[in-house]
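Fold and geometry: a report
The lines below spell out each chain.
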Number of protein chains: 2
Amino acid sequence: MATLSAGTASSPHPAFDVFARGCPSRSTLEHVTGRWGALTLGALYEGTLRFNELRRRVDGVSEKMLSQTLHALERDGLVLRDARPTNPPRVDYSLTPLGRKVAERLRALISCLESGMDEVMAARERYDARESA
Amino acid sequence: MATLSAGTASSPHPAFDVFARGCPSRSTLEHVTGRWGALTLGALYEGTLRFNELRRRVDGVSEKMLSQTLHALERDGLVLRDARPTNPPRVDYSLTPLGRKVAERLRALISCLESGMDEVMAARERYDARESA
DNA sequence: CAGCATCCATATTGATACTG
DNA sequence: CAGTATCAATATGGATGCTG
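About the criteria used
Residues numbered from 1 in each chain as written. Chains lettered and ligands numbered in written order. Predicted model: local features only at pLDDT ≥ 70, side-chain atom pairs only at ≥ 80, totals over all residues. Heavy atoms only, no water. Near = heavy atom within 4 Å. Polar contact = N/O pair within 3.5 Å; in protein donor to acceptor, adjacent residues only side chain to side chain. Helix = DSSP H or I, 4+ residues; strand = E, 2+ residues; numbered from the N terminus. Nonpolar A, V, L, I, M, F, W, Y, C, P; charged D, E, K, R; others polar. Pairing = 2+ DSSP bridges. Buried < 20%, exposed > 50% of the residue type's maximum accessible area, 1.4 Å probe, protein only. Contact = heavy atoms within 4.5 Å. Axes fitted to C-alpha atoms, helices over the stretch in contact; angles between N-to-C directions.

**What to know about the protein's contact with DNA strand C**
Taken together, 18 residues lie around DNA strand C, and K64(A), E63(B), S67(B), R81(B) and Y93(B) are the ones closest in. Protein-proximal atoms of DNA strand C, defined as those within 4 Å of the protein, fall in sugar or phosphate at a share of 57%. In the environment of DNA strand C, a base oxygen lies 2.4 Å from a nitrogen or oxygen atom belonging to the side chain of K64(A). Within the side chain of R81(B), an N or O atom sits 2.2 Å from a phosphate oxygen of DNA strand C. Those elements giving two or more residues to the surface near DNA strand C turn out to be helix 4 (63-75) of chain A together with helix 3 (51-57), helix 4 (63-75) and strand 3 (90-95) of chain B. Counting residues per element, the surface near DNA strand C draws most heavily on helix 4 of chain B, which supplies four residues. Residues of the surface near DNA strand C, tallied by class, amount to seven nonpolar, four polar and seven charged.

Dropping the structure here:
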């Protein structure tokens, strides 16, 4: 067994395996956990948002990155894009059912991390003290 | 409310907030979800591993990236590094209790993604057909 | 074995300007 | 408003060579 193909999370022989180099699920994982993917899904979990609303809510994204992120998530079927042919244009972004499930897991991870941050900070101090010595 | 500070996952006013630009938890999230962080935690979830074992199991990591990833995770208190002063040297990596909790959430996310991949693939085809038209 | 230091190609990202 | 296009800055990643 060269890669982490077997023994993964739920199933011993999943049809798709994130741990394998060429698996499509690996790219999806990257879209989801990427720098802006996680924040974008997190923001949309709270409700439908328009492009510029999203931009304001996700602290630090550039127009380009948000656009790119949204395209990737839409392509993966996690985000729904609803463009109304009005003038001025109005585009609403929301989560698909699958996107919602994924966002939930993501939030579980995030909240786990947030509540563990005191421990993380303490570990960092110990590490830095030890290394600088 | 300019950022995603409020209304986050579990608590309305978390002490640490991943969504805020300068929050330390954001960097931890990046270590955890980063390209190699997720795979590394996933691998260690299955048991203690030595450096080169880890390198073989995480398909595609370079020595440098694995080293870097391991340092970041160790500093954050998620991974434990146990170096025995033997010759040849032997270093065992394992998860701390916090690391284990985080890895669990990560695996939940991953397995959610893996079981949704059929849907993802279908969405991709629809998207590509639509866009190329 | 377990790594660190260095160099370099390339991928990501961010500003800026422009369009429908 | 909702983006796309382009260019420059930067970060990332990998190959190589060396050490304890």
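**Focus on the protein's contact with DNA strand D**
Around DNA strand D, 19 residues are found, and the nearest of them are E63(A), S67(A), R81(A), Y93(A) and K64(B). Each atom of DNA strand D within 4 Å of the protein was classed as base or backbone; sugar and phosphate made up 56%. At a separation of 2.6 Å, a phosphate oxygen of DNA strand D approaches a polar side-chain atom of S67(A). One nitrogen or oxygen atom from the side chain of R35(B) is found 3.4 Å from a phosphate oxygen belonging to DNA strand D. Counting residues per element, the ones that place at least two in the surface near DNA strand D are helix 3 (51-57), helix 4 and strand 3 (90-95) of chain A together with helix 4 of chain B. Of the residues assigned to the surface near DNA strand D, the class counts are six nonpolar, five polar and eight charged.

**A word on the pairing of strand 2 (residues 79-84) of chain B**
With six bridges connecting them, strand 2 of chain B and strand 3 of chain B associate as antiparallel partners. Each bridged residue has a counterpart across the sheet, and for R81(B) the counterpart in strand 3 of chain B is Y93(B).

**Topic: the pairing of strand 3 of chain A**
All names here are of chain A. Of all six residues that make up strand 3, five are buried, and the element is covered over most of its length. The pairing of strand 1 (residues 49-50) with strand 3 spans two bridges and is classified as antiparallel. Pairing of R50 across the sheet is with D92, part of strand 3. Counting the residues between successive antiparallel strands, the hairpin from strand 2 (residues 79-84) to strand 3 contains five residues.

**Remarks on the environment of M117(A)**
Looking at where M117(A) falls in the secondary structure, it is placed in helix 6 (residues 117-132). Other than its neighbours up to four places away in sequence, M117(A) contacts F16(B), P24(B), S25(B) and T28(B).

**Thoughts on the side chain of R57(A)**
All names here are of chain A. For R57, the position within the fold is in helix 3. Judged by relative accessible area, R57 falls into the buried class, the value being 17%. At 2.6 Å, the side chain of R57 and the side chain of E46 are in polar contact.

**Overview of the sheet that holds strand 3 of chain B**
Sheet strands line up and pair through hydrogen bonds in the backbone, either parallel or antiparallel. Residue and element names in this part refer to chain B. Reading across from one edge, 1-3-2 is the order of the three strands in this open sheet, with antiparallel pairing throughout. A strand with exactly one partner marks an edge of an open sheet, and here the two such strands are strand 1 (49-50) and strand 2. Across the face of the sheet, helix 2 (residues 37-45) comes into contact with strand 1, strand 2 and strand 3 while running at roughly 95° to strand 3.

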